[in-house]
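These are the residues of each chain, in order.
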Amino acid sequence: MEKHYDYLLVGAGLYNGVFAYFAKKAGKSCLVIDKRAHLGGNIYCEEIEGIQVHKYGAHIFHTSDKRVWNFVNSLCEFNRYTNSPIANYHGEIYNMPFNMNTFNKLWGVVTPAEAKAKIDSQRALAAAEPKNLEEQAISLVGDDIYRKLIKGYTEKQWGRDCKDLPAFIIKRLPVRFIYDNNYFNDKYQGIPEDGYNVLVEKLFEGCDVRLSCDFLANREELTALADKIIYTGPIDAYYGYSEGELSYRSLRFETETLDCKDYQGNAVVNYTDRETPYTRIIEHKHFAFGTQEKTVITREYPSDWKQGMEPYYPVNDEKNQALYQKYAEKAAGEKNVIFGGRLGEYKYYDMDKVIASAFNLVEKELHTTVS
């Protein structure tokens, strides 16, 4: 007779990992399944030439939530990595986020007052009520920054012209009138010293695991194995797309090992012109201040999503949010199924927010206080 579990955790990403960690401490049994052949979801790392390669795009941990930061640091050591991406526009290099280094390179301005005056003079020409992303961006940061650092990147990311994208996608853009290239405003920031897999293994320690296992293809058999399910796959797929298909953007990664110590001098370089087909190049060794003889780079190509592809970014426009609400209502009626995480809640989540959301579930479901 097959073993019976308290929880079947569908998807081996951070949300279920955090729940599994506390469920195990509470004496609960968990079976973890994932369609992929590894644990960790999108934070999975693969070691190549002694370098921890972020298999599904750059994952830089940042948070202002001390509870979350203390929790992850109790499981593994984090380094002092600070995210300071640069933008390459036809070979011109600019600092991100937009700050005094950016403005000095663009216009030769030196003081915050000069930079503000330059931006304000360009914003004055913007539409009074922005009707699309292009008009919204110009109203926020002016024409020069928009043309060089936003337009091409955004059009590649979304696969559409900025004039055809809704204004709400960029309600605000980070603009700093100081010489500071740190992308995040959060108090805490870093990357696990030995890669994210160490963190993931600690989270799922003590659980039974089945990899390369498709829940939806074996639903009946797997559902019978546990009292409750925590489902972190796409919510529309769970319901057989009965209300229609939610939209996503997907990504394609092209990774190569190069016989040089340093390819681009930075972990993240965004290509903001429209002609370069990829949005960015990641050089993984710089996440850990690596000194290896070789280097590994990954080019990221955004793409339209179709069933069978990996869904990365929910398209949170009005149409898709209305559709998600129909699925959320169905989910609310479930007695023994809990939906969570990026795909289960159709929501773009940073890693710390996923963990905080899982803490809420732990407290509600396991009656355990997360301190």
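Okay, so let's go over this structure. Keep in mind it's a predicted model, so treat the numbers as computed, not measured.

Some thoughts on the overall build of the chain
Right, on to step 1. Counting its secondary structure elements, the chain contains twelve helices and 16 strands.
Right, on to step 2. Its C-alpha radius of gyration of 22 Å places the chain within 12% of the 21 Å reference for a compact globule of 371 residues.
Right, on to step 3. Referenced to the eigenvectors of the C-alpha coordinate spread, the extents of the chain come out at roughly 75 × 50 × 40 Å.
Right, on to step 4. The proportion of buried residues among the 371 residues of the chain is 53%.
Right, on to step 5. In the chain, the proportion of contacts linking residues at least 24 apart, taken out of those at least 6 apart, comes to 71%.
Right, on to step 6. Surface summary for the chain: the accessible area is close to 17,400 Å², and the carbon and sulfur share equals 47%.
Right, on to step 7. Distance between charge centres in the chain, computed from 46 positive and 53 negative side chains, equals 3 Å.

With respect to helix 2 (residues 66–75)
For an α-helix, 3.6 residues make a turn, and residues three or four places apart therefore share a direction.
Right, on to step 1. All buried positions along helix 2 are accounted for by Val 68, Trp 69, Phe 71, Val 72 and Leu 75. Projected onto a plane normal to the axis of helix 2, the buried residues spread over an arc of 160° and lie on a single side. Opposite its buried face, helix 2 presents the exposed residues Lys 66 and Ser 74, each directed more than 90 degrees away.
Right, on to step 2. Looking at the buried side of helix 2, the elements it contacts are helix 1 (14–25), strand 5 (61–63), strand 8 (188–190), helix 7 (196–204) and helix 12 (351–365).
Right, on to step 3. One side-chain oxygen of the residue at the start of helix 2 lies 3.0 Å from the amide nitrogen of Arg 67, identifying that residue as Asp 65.

Some details on the nonpolar core
Right, on to step 1. One finds Phe 19, Phe 22, Phe 61, Phe 71, Phe 287 and Ile 355 to be the most contacted residues of the largest nonpolar core, which totals 52 residues.
Right, on to step 2. Breaking this core down by element, the ones donating at least two residues are strand 1 (5–10), helix 1, strand 2 (30–33), helix 2, helix 7 and helix 12.
Right, on to step 3. Here Phe 22 is in contact with Phe 71, Phe 359, Val 362, Leu 366 and Val 370, once residues within four sequence places are set aside.
Right, on to step 4. Within the second largest apolar cluster, 29 residues are counted, among which are Val 10, Leu 225, Tyr 238 and Leu 323.

Points about the sheet that holds strand 15 (residues 313–314)
Right, on to step 1. Strand order in this open sheet of seven strands is 7-6-12-13-14-11-15, and the pairing throughout is mixed. Only two strands of the sheet have a single partner each, and these edge strands are strand 7 (92–95) and strand 15.
Right, on to step 2. One ladder, built from two bridges, connects strand 11 (residues 248–258) with strand 15; its direction is antiparallel. Bridging from a neighbouring strand, Arg 249 pairs with Tyr 313 of strand 15.

Some points on the layout of surface pockets
Right, on to step 1. Quantified by volume, the second largest pocket comes out at close to 370 Å³.
Right, on to step 2. Lining the second largest pocket are 19 residues, with Val 337, Ile 338, Phe 339, Leu 361 and Lys 364 positioned closest to its centre.
Right, on to step 3. Every element with two or more residues in the lining of the second largest pocket is listed here: helix 10 (318–332), strand 16 (337–339) and helix 12.
Right, on to step 4. Here the residues of the lining of the second largest pocket sort into ten nonpolar, three polar and six charged.

Things to note about the pairing of strand 10 (residues 226–231)
Right, on to step 1. Alignment of strand 1 against strand 10, held across five bridges, turns out to be parallel. The partner of Val 10 across the bridge, within strand 10, is Tyr 231.

Points about the side chain of His 59
Right, on to step 1. Tracing the sequence through the fold places His 59 in the loop between strand 4 (51–54) and strand 5.
Right, on to step 2. If we skip the residues at most four places from it in the chain, His 59 touches Asn 42, Ile 43, His 54, Ile 191, Tyr 196 and Met 351.

What to know about the pairing of strand 11
Right, on to step 1. Pairing between strand 11 and strand 14 (residues 295–304): ten bridges, direction antiparallel. Following the sheet pairing, Thr 257 is matched in strand 14 by Val 296.

Overview of the packing of aromatic side chains
Right, on to step 1. Within the structure shown, the criterion is met by 29 aromatic pairs.
Right, on to step 2. Aromatic side chains Trp 69 and Tyr 188 sit 5.5 Å apart centroid to centroid with 10° between the ring planes, which places their arrangement in the stacked category. Of this pair, Trp 69 sits in helix 2 while Tyr 188 sits in strand 8, placing them 119 residues apart in sequence. When sorted by exposure, Trp 69 lands in the same class as Tyr 188, which is buried.

A look at the environment of Asn 70
Right, on to step 1. When you line up the elements, Asn 70 lands in helix 2.
Right, on to step 2. Residues Asn 70 and Ser 371, spaced 301 residues apart in sequence, show a C-alpha to C-alpha distance of 9.3 Å.

Quick notes on unusual backbone geometry
Right, on to step 1. The residue after Met 96, namely Pro 97, is reached through a cis peptide bond having omega -10°.
Right, on to step 2. A positive phi angle, close to 45°, is found at Tyr 346, a residue other than glycine.
Right, on to step 3. Mapped onto the elements of the fold, Tyr 346 is located in the loop between helix 11 (341–344) and helix 12.
Right, on to step 4. Tyr 346 sits in the buried class, given a relative accessible area of 2%.
Right, on to step 5. Phi is positive for His 367, close to 55°, though the residue is something other than glycine.
Right, on to step 6. Along the chain, the position of His 367 falls in the segment after helix 12.

Cut-offs used in this document
- Residues numbered from 1 in each chain as written.
- Predicted model: local features only at pLDDT ≥ 70, side-chain atom pairs only at ≥ 80, totals over all residues.
- Heavy atoms only, no water.
- Helix = DSSP H or I, 4+ residues; strand = E, 2+ residues; numbered from the N terminus.
- Rg over C-alpha atoms; globule rule 2.2 N^0.38 Å.
- Buried < 20%, exposed > 50% of the residue type's maximum accessible area, 1.4 Å probe, protein only.
- Contact = heavy atoms within 4.5 Å.
- Areas by Shrake-Rupley, 256 points an atom, 1.4 Å probe, with all protein chains shown as cover.
- Lys, Arg positive; Asp, Glu negative; His and termini not counted.
- Charge placed at Lys NZ, Arg CZ, Asp CG, Glu CD.
- Arc of directions from axis to C-beta.
- Polar contact = N/O pair within 3.5 Å; in protein donor to acceptor, adjacent residues only side chain to side chain.
- Core = buried A, V, L, I, M, F, W, Y, C linked by side-chain atoms within 4.5 Å.
- Pairing = 2+ DSSP bridges.
- 1 Å grid on protein atoms, 1.4 Å probe; cavity = no way out; pocket = protein on both sides within 12 Å on 5 of 7 lines; lining within 4 Å.
- Points joined across faces, edges and corners; volume = space filled by probe spheres on them.
- Nonpolar A, V, L, I, M, F, W, Y, C, P; charged D, E, K, R; others polar.
- Phe/Tyr/Trp six-rings, centres within 6.5 Å; stacked < 30°, edge-to-face > 60°.

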